[in-house]
Amino acid sequence: MTYAKLQKVNMKIALEIDRLTKIYEGRVNALDGVDLEVKDGVIFALLGPNGSGKTTLMRVLTTQFRPTSGVARAFGHDVVREDAQVRKIIGYVPQEMSVWTDITGFENLLIYAKIYGVSSSSRNKCIQDALQSMGLEEVEGKLVKKYSGGMIRRLEIACALLVKPRILFLDEPTLGLDPSARKAVWENLMSFKKEYGTTVFFNTHYMDEADLYSDEVAIINKGKIVKFGTASDLKRSLHSEIISFLLADDQTGMGRLFRSNVLDRIKALNLVDDAVVHGTVLDVTVEDGEVALPAIMELLNCEGVKLKRVKATNPTLDDVFLKYAGMRQQRNQSGYHHGPN
Amino acid sequence: MLECVSKEINQVTTMAPTESLREMFAMIELEMRRLRHDRTEIYTRAVQPILWLAVYGTVMSHVRDIPTGGIPYIDYITPGVLLQSTIFVSVFYGLTIVWERETGILKRLLVAPSSRYATVIGRAIASGVRATVQALIIFPVAILLGVKFISNPLYILAAFLMLFMISGGFAALSIFVASLMKTRERFMGIGQAMIMPLFFASNALYPISLMPPFLQSIAFVNPLTYAVDAVRGLMISGNVTNIFADFTAVIVFDILIFTAASISFRKIIE
């Protein structure tokens, strides 16, 4: 039975997080009641500004910290009471570099294989599999200090993949990597995931990565999950697309716009939130561009406003992030706190 | 594919009883592999002890006031110098731990399915092995300088066992300090401040009977004193009457410090 089939028969929950809090030194609420559920086999992205608690959450889930209150389970195992069980089914790559640089890539994997107790008969195969899935076969015999940043990151992930964990935790997996190295990391990860059905839980503040590679996204801010869903759900939930109309004939066009209250009439249209004019550009914020556009076009046409170009801008995950995490943080600047990240 | 995954997990679970031992061996292997890739440190660290023997030992041997029990002075200080060089390796082993804390290696080791006791003891033993290799470099130099060792190989083996045990203990002490200090700068300061007093407040360079009473009481609780006494008996004088007391003292020290280091280790990542 393939993994995908099995998954359909029995949709399991990989991570259940219930009212989790973590208070540092009795004052800093790094986690302030996190509720979250991650399904088995998904790629899950946790987004949040610096100091929002995303690293703390990951460190609680990987049994490094005890939560102050609340419960978290990985495949039914409590991360506090059954931490030894949890450690056996998870792989973890911290934000910082986590391989020994004065030995070779192969030796790093070998030491990890021994720590994890991979039997000597299957050790070599496991190491070769891990090297191959991260595309490192050619450099396995080189000292790690000669590796590039992208290669080091792939080696770290290879170390975590060695025992085929059921959940792989990645803390900012592509931080500081150039675009091609980032792409290589993700391509290797995706093909590994496809083969083994591993659940991947990663922290990031690269919105494009969350958008491209994740099945589900949650946004954390000030220790709370403020938004949860698929990337496209979140974008749709913003209800804001901006349609820009570039006016063809600025003088007469502008005149016409203002003469007969066109602006106000556009604003009054169904699904339109706002309309503003910047120079010769009319920006209309709409909830659903596909429905609103014909109505706006018709109105402009009736009034004789000629257009040179129309451009619709879809919201990106950046906009979602700014709305739920960025803005909120600005508003509460005075109460802003930062936990050890 | 799933069978492969679950098989892998089962393999990990069923090996629980030997987990700790396995990790200790992995840590020793790591240290050996590091050493194989870069031996410069072992050589450069051999310079100082060789100077102690060749310069300090040779000059001081003309001062005939130090009661060495009829042993030439260079021979007398050789065990102390050997021990000092190994302890140097051990005391600065904490730096490796501080470095691994600054990077993500420690976090990762703590998330691996093994106990922190195994991590600490494994690392300390690994450092003991490294320190013993250090002594092996100095040993032939001492022979070249004319130091006469006891020819009984069992005695020499026992002396190296003592070197290994005390080095492991001091490495654990170093890990303990590292888990409290956490930064490289603070650790360097403490490390420097530990070595020389340990060396001077012991019988490494002169008999305890020459010391003022205050220093004598420090030497009495200094584990290095017992290690020097054992190694001197086994390698140089052949007088092994205190050997059981010496080994007992060092074993007690090891147990205490391994326990303390294991307990404090978890603090290091917080």
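It should be emphasised that the depicted structure is a prediction, and the values quoted were computed from it without experimental measurement. (Residues numbered from 1 in each chain as written. Chains lettered and ligands numbered in written order. Predicted model: local features only at pLDDT ≥ 70, side-chain atom pairs only at ≥ 80, totals over all residues. Heavy atoms only, no water.)

A. How the structure looks around the sheet that holds strand β2 (residues 28-39) of chain A. All names here are of chain A. Ordered in space as β2-β1-β4-β5, the four strands form an open sheet in which the pairing is antiparallel. Of all the strands in the sheet, just β2 and β5 (77-78) have a single pairing partner and so form its edges. Of the pairings in the sheet, the one linking strand β4 (residues 69-74) to β5 comprises two bridges and is antiparallel in character. Considered in β5, the bridge of Arg73 is made with Asp78. Taken strand by strand, helix α2 (residues 54-61) contacts β1 (13-24), β2 and β4, and its axis lies near 115 degrees from that of β1. (Pairing = 2+ DSSP bridges. Helix = DSSP H or I, 4+ residues; strand = E, 2+ residues; numbered from the N terminus. Contact = heavy atoms within 4.5 Å. Axes fitted to C-alpha atoms, helices over the stretch in contact; angles between N-to-C directions.)

B. Highlighting the pairing of β1(A). All names here are of chain A. Summarising the sheet, β1 and β2 pair through nine bridges and their orientation is antiparallel. What sits directly across from Ile17, in β2, is Leu36. Summarising the sheet, β1 and β4 pair through five bridges and their orientation is antiparallel. Residue pairing for β4: Glu16 is matched across the bridge by Arg73.

C. Expanded view of the domain arrangement of chain A. By domain assignment, chain A separates into domain 1 (3-236) and domain 2 (239-313). A straight line from the C-alpha centre of domain 1 of chain A to that of domain 2 of chain A covers 46 Å. (Domains from an automatic or database assignment.)

D. Seen up close, the environment of Leu30(B). Tracing the chain through its elements places Leu30(B) in helix α2 (residues 19-37). Given a relative accessible area of 0%, Leu30(B) falls into the buried group. Through-space distance from the C-alpha of Leu30(B) to that of Arg123(B) is 9.4 Å; in sequence the pair is 93 residues apart. For Leu30(B), the contacting residues outside a window of four places in its chain are Trp100(A), Ile103(A), Ile111(A) and Arg123(B). (Buried < 20%, exposed > 50% of the residue type's maximum accessible area, 1.4 Å probe, protein only.)

E. Geometry of the sheet that holds strand β14 (residues 307-313) of chain A. Residues and elements named next belong to chain A. In spatial order, the strands read β12-β13-β11-β14; together these four strands make up an open sheet with antiparallel pairing. Unpaired on one side and paired on the other, β12 (272-278) and β14 mark the two borders of the sheet. If you compare each strand with its neighbour and ignore which way they point, the axes differ by 15 degrees on average. Pairing between strand β11 (residues 241-247) and β14: six bridges, direction antiparallel. Within the sheet, the bridge partner assigned to Ile243 lies in β14 and is Ala312. Across the sheet, helix α12 (residues 289-302) lies against β11, β12, β13 (281-286) and β14, angled at about 25 degrees from β11, the strand it touches most.

F. How the structure looks around the packing of helix α8 (residues 153-181) of chain B against helix α9 (residues 184-200) of chain B. Residues and elements named next belong to chain B. Interaxial distance between α8 and α9 falls to 10 Å at its minimum, and their mutual angle equals 145 degrees. Seen along the crossing, α8 lies across α9 with a hand that is right-handed. The residues of α9 that touch α8, namely those facing Phe170, Leu173, Ser174, Val177, Ala178 and Met181, are Arg186, Phe187, Ile190, Met194 and Leu198. In terms of residue class, the contact of α8 with α9 is made up of nine nonpolar, one polar and one charged. (Left-handed = near helix turned anticlockwise from the far one by under 90°. Nonpolar A, V, L, I, M, F, W, Y, C, P; charged D, E, K, R; others polar.)

G. Structural view of the packing of aromatic side chains. Residues and elements named next belong to chain B. Throughout the structure, instances matching the rule amount to 17 aromatic pairs over all chains. Plain terms: the ring middles of Phe170 and Phe253 are 5.2 Å apart, the flat faces sit at 50 degrees to each other, and that makes the pair tilted. Here Phe253 lies in helix α12 (residues 243-265) and Phe170 lies in helix α8, a separation of 83 residues in the sequence. Phe253 shares its class with Phe170; the two are buried. (Phe/Tyr/Trp six-rings, centres within 6.5 Å; stacked < 30°, edge-to-face > 60°.)

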